[in-house]
Amino acid sequence: PNDPAYGSAWHLPLLGAPLAWDKSQGNGITVAVCDSGVDPTHPDLVRVPGYNMFDGNTNSADVYGHGTKVAGAVAMAGANGVGGAGIAYRTKIMPI
């Protein structure tokens, strides 16, 4: 990926992500992240509508920051020249 923070992502080569990306980057996949929500303004995450189980509504904005970090590890958009890359960087996130 051509993302500026990719060089700091030591875990991606350790997990074999570059080799896996030759087969798939997560196109057509949606992953539900059950955590503290996901920042709706994050420039490097593609979200689909989620659900707030605690409040019983559709406001799935991140209240602590942890859910956004988890979502980024999974699906931070890659090869777009912004930020870093997630393990499945073409995956969409459904915050729960």
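Look up: the structure comes first, before these words.
The paragraphs below set out a description of the structure included in this document.

Rules used in this analysis
- Residues numbered from 1 in each chain as written.
- Predicted model: local features only at pLDDT ≥ 70, side-chain atom pairs only at ≥ 80, totals over all residues.
- Heavy atoms only, no water.
- Helix = DSSP H or I, 4+ residues; strand = E, 2+ residues; numbered from the N terminus.
- Buried < 20%, exposed > 50% of the residue type's maximum accessible area, 1.4 Å probe, protein only.
- Contact = heavy atoms within 4.5 Å.
- Core = buried A, V, L, I, M, F, W, Y, C linked by side-chain atoms within 4.5 Å.
- Pairing = 2+ DSSP bridges.
- Right-handed = clockwise from strand over helix to strand, strands pointing away.
- Phe/Tyr/Trp six-rings, centres within 6.5 Å; stacked < 30°, edge-to-face > 60°.

Regarding the overall build of the chain
No. 1: Across its full length, the chain holds three helices and two strands.
No. 2: Helices and strands appear in the chain in the N-to-C order α-α-β-α-β.
No. 3: Over its C-alpha atoms, taken along the principal directions, the chain stretches across nearly 40 × 25 × 20 Å.
No. 4: Relative to its full complement of 96 residues, the chain shows a buried share of 35%.
No. 5: Nonlocal contacts in the chain, meaning residues at least 24 apart in sequence, comprise 67% of its contacts between residues at least 6 apart.

A few points about unusual backbone geometry
No. 1: The phi angle at Ala79 is positive, at roughly 60 degrees, despite the residue not being glycine.
No. 2: Topologically, Ala79 is positioned in the loop between helix H3 (66-75) and strand E2 (92-95).

Description of the nonpolar core
No. 1: In terms of nonpolar packing, the biggest core is built from seven residues, these being Tyr6, Ala9, Leu12, Ala17, Trp21, Ala85 and Tyr89.
No. 2: Setting aside its immediate chain neighbours within four residues, Tyr89 contacts Pro1, Trp21, Gln25, Val74, Ala75, Met76, Ala77, Gly78 and Ala79.
No. 3: Core analysis: the second largest hydrophobic core is formed by six residues, Val33, Leu45, Ala71 and Ala75 among them.

What about the pairing of strand E1 (residues 30-33)?
No. 1: Sheet topology places E1 next to E2; four bridges connect them, and they run parallel. Residue pairing in the sheet places Val31 in a bridge with Ile93 of E2.
No. 2: Remark: the E1/H3/E2 crossover connection has right-handed handedness.

Considerations on the packing of aromatic side chains
No. 1: Overall, the coordinates contain two aromatic pairs when judged by the stated rule.
No. 2: Ring geometry for Tyr6 and Trp21: centres 6.0 Å apart, planes at 50 degrees, overall tilted. Here Tyr6 is found in the segment before helix H1 (11-15), whereas its partner Trp21 is found in helix H2 (residues 17-21), with 15 residues between them in sequence. Residues Tyr6 and Trp21 agree in their burial class; the two are buried.

A closer look at the environment of Ala71
No. 1: In this structure, Ala71 sits in helix H3.
No. 2: Once the C-alpha coordinates of Ala71 and Asn52 are considered, the two residues, 19 residues apart in sequence, prove to be 15 Å apart.
No. 3: Excluding residues that lie within four positions of it along the chain, Ala71 makes contacts with Val33, Val38, Leu45, Met76 and Ile93.

What about the environment of Ala88?
No. 1: Position of Ala88 among the secondary structure elements: in the loop between H3 and E2.
No. 2: For Ala88 and Trp21, which are 67 residues apart along the polypeptide, the C-alpha to C-alpha distance reads 7.9 Å.
No. 3: Excluding anything up to four places from it in sequence, Ala88 contacts Gln25, Gly26, Val74 and Ala75.

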